[in-house]
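# Chains, contacts and geometry: an overview
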Amino acid sequence: MPPTPGSTPRVVDARYLTSASSPNQLPPPVGVEIAFAGRSNVGKSSLLNALMGRRNLARTSRTPGCTRLISFFEVKLADGALIRFVDLPGYGYARRSKSERSEWAGLIETYLKDRVTLAAVALLVDARRGPEVEERDLIALLSEPAASRKPLVLLAVATKLDKVAASERRPAVERIRRDLGRPVAGVSVTDAERLDALWRQLWTASGLAPNPAPVQR
Ligand SMILES: Nc1nc2c(ncn2[C@@H]2O[C@H](COP(=O)(O)OP(=O)(O)O)[C@@H](O)[C@H]2O)c(=O)[nH]1
Ligand SMILES: [Mg+2]
């Protein structure tokens, strides 16, 4: 049955495709990609696992900054559509050497500026911490005109909302929204309803949802 407008996409399969540590290792650009960005430990891998309905496909780690690769996952939806989820390396490694930081910046910037299949970027921000300079830098980078790709959807996501007291959740998300000047989806890996809402937004942003609702670019 074709999906109905407003419904949540159902994941029927998810698999790891490949990882790249330099631009020449990126897989051929095929289909539609949604990238997930955020500082180390913000909850990227956990969110990817939750959205893909897989416990440990995107490896989660308690050691911040141990992922220096761009990893690609292929997600198959019930209507047969394929979406690639892309786990970007976390930023905010103060302890890294300068050359390592510039290698990282080169890879991530090349990907974000040139990738023709990139439809949307989910920018993750810890709900308790709010955006800092790295998040602003990333938004500025994504706002620059890009030569080879279409304009993309930027979705801000406030993570680990369960760690904020229930009465503080709405104000915390609202603060981040005001700070970034764009809509923010609050999520927690333990909150299925919020995860579904985010999935619907990502699906719309991918351009694969039926009669997509307008999304702010
Ligand atoms: N309470 C809570 N903890 C979370 C949530 N998401 C991630 N975490 C924890 O935060 C830590 C870092 O998560 P991870 O997904 O590895 O972050 P990454 O470095 O951004 O990939 C891990 O200990 C996770 O269990 C969440 O929604 N709620
Ligand atoms: Mg991770």
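One can find the structure itself at the top, above this paragraph.
The notes below deal with the structure included here. Here, residues in each chain are numbered from 1, in the same order as that chain's written sequence. Labels follow written order: the first chain is A, the first ligand is 1, and so on. Side-chain atom pairs in this predicted model are given and counted only at pLDDT of 80 or more, local residue features only at pLDDT of at least 70, and totals for whole chains, interfaces and linings cover all residues. With hydrogens and water excluded, all non-hydrogen atoms of the structure serve as input to the side-chain values.

## Details of the packing of aromatic side chains
Only rings of Phe, Tyr and Trp enter the pairing, Trp through its six-membered ring, and a pair is recorded when the two centres are within 6.5 Å. The plane angle decides the type: under 30 degrees is stacked, over 60 is edge-to-face, the rest tilted. Taken as a whole, this structure holds 4 aromatic pairs when the rule is applied. Taking the centre distance of 5.0 Å and the plane angle of 70° together, the rings of Phe36 and Phe85 count as edge-to-face. Pair noted here: Phe36 is in strand E2 (residues 33–38) and Phe85 is in strand E4 (residues 82–87), with a separation of 49 residues, a long-range link. Relative accessible area decides the class of each residue, using a 1.4 Å probe on protein chains only: under 20% of the type maximum gives buried, over 50% gives exposed, and in between gives partly exposed. For Phe85, a relative accessible area of 0% corresponds to the buried category. Put simply, the rings of Phe36, Phe85 and Trp199 touch in pairs and so form one group of aromatic residues. Helix and strand labels come from DSSP, where a helix needs a run of H or I of at least four residues and a strand needs a run of E of at least two; each type is numbered from the N terminus.

## Description of the nonpolar core
If you look at soluble globular proteins, the nonpolar side chains tend to sit buried side by side. Working definition of a nonpolar core: buried Ala, Val, Leu, Ile, Met, Phe, Trp, Tyr and Cys residues. They are joined through side-chain atoms within 4.5 Å. By size, the foremost hydrophobic cluster in this structure holds 34 residues, and its most contacted members are Ile70, Leu88, Tyr111, Leu112 and Val121. Of all elements in the fold, only E2, strand E3 (70–77), helix H2 (98–114), strand E5 (118–126), helix H3 (133–143), strand E6 (153–159) and helix H4 (166–180) reach the threshold of two or more residues within this core. The leading source of residues in this core is H2, at 5 residues. Apart from residues no more than four positions distant in its own chain, Ile70 is found in contact with Thr18, Ser19, Ala20, Leu26, Val86, Asp87, Leu88, Pro89, Leu107 and Tyr111. With 30 residues, the next largest nonpolar core counts Leu77, Phe85, Val187 and Ala209 among its residues. In this analysis, two residues are considered to be in contact whenever any of their non-hydrogen atoms come within 4.5 Å of each other.

## What about the sheet that holds E2?
One requirement defines pairing of two strands: DSSP has to find at least two bridges between them. Strand order in the open sheet made by the 7 strands is E1-E3-E4-E2-E5-E6-E7, with mixed pairing throughout. Edge strands, defined here as strands with exactly one partner in the open sheet, are strand E1 (11–20) and strand E7 (184–186). The mean inter-strand angle of the sheet, taken between neighbouring strand axes irrespective of direction, is 25°. Of the pairings in the sheet, the one linking E5 to E6 comprises 7 bridges and is parallel in character. Within the sheet, the bridge partner assigned to Ala120 lies in E6 and is Val153. Here an angle of 0 to 180 degrees is reported between the N-to-C directions of two axes, which are lines fitted to C-alpha atoms, with helices fitted over the stretch in contact. Contacts between H3 and the sheet are confined to E2, E5 and E6, with E5 contributing the most and set at about 165° to the helix.

## Quick look at H4
Counted at 1.5 Å a residue, the expected span for H4 with its 15 residues is 21 Å, and the 22 Å between its end C-alpha atoms agrees. Looking at H4, one finds that the buried residues are Ala172, Val173, Ile176 and Leu180. One side of H4 carries all its buried residues, which in axial view fall inside an arc of 95°. Facing away from the buried side of H4 by over 90 degrees, the exposed positions are Ser167, Arg170 and Arg178. On the buried face of H4, the contacting elements are E5, H3, E6 and E7. In the stretch just after H4, Gly181 is the one whose phi turns positive, near 70°. Under the convention used throughout, the expected extent of a helix is 1.5 Å for every residue step, that is, one less than its residue count. The directions considered for the arc are those from the helix axis to the C-beta atoms.

## With respect to the pairing of E2
Counting buried residues along E2, 6 of its 6 residues qualify, which places the element largely inside the surrounding structure. Neither face of E2 is exposed, since Glu33, Ala35 and Ala37 on one face and Ile34, Phe36 and Gly38 on the opposite face are all buried. Alignment of E2 against E4, held across 4 bridges, turns out to be parallel. Bridging across to E4, Ala35 finds its partner in Val86. Bridge count for E2 against E5 is 6 bridges, and the pairing is parallel. By the bridge assignment, Ala35 is partnered in E5 with Val121.

The values reported here are purely geometric and, on their own, carry no functional implication.
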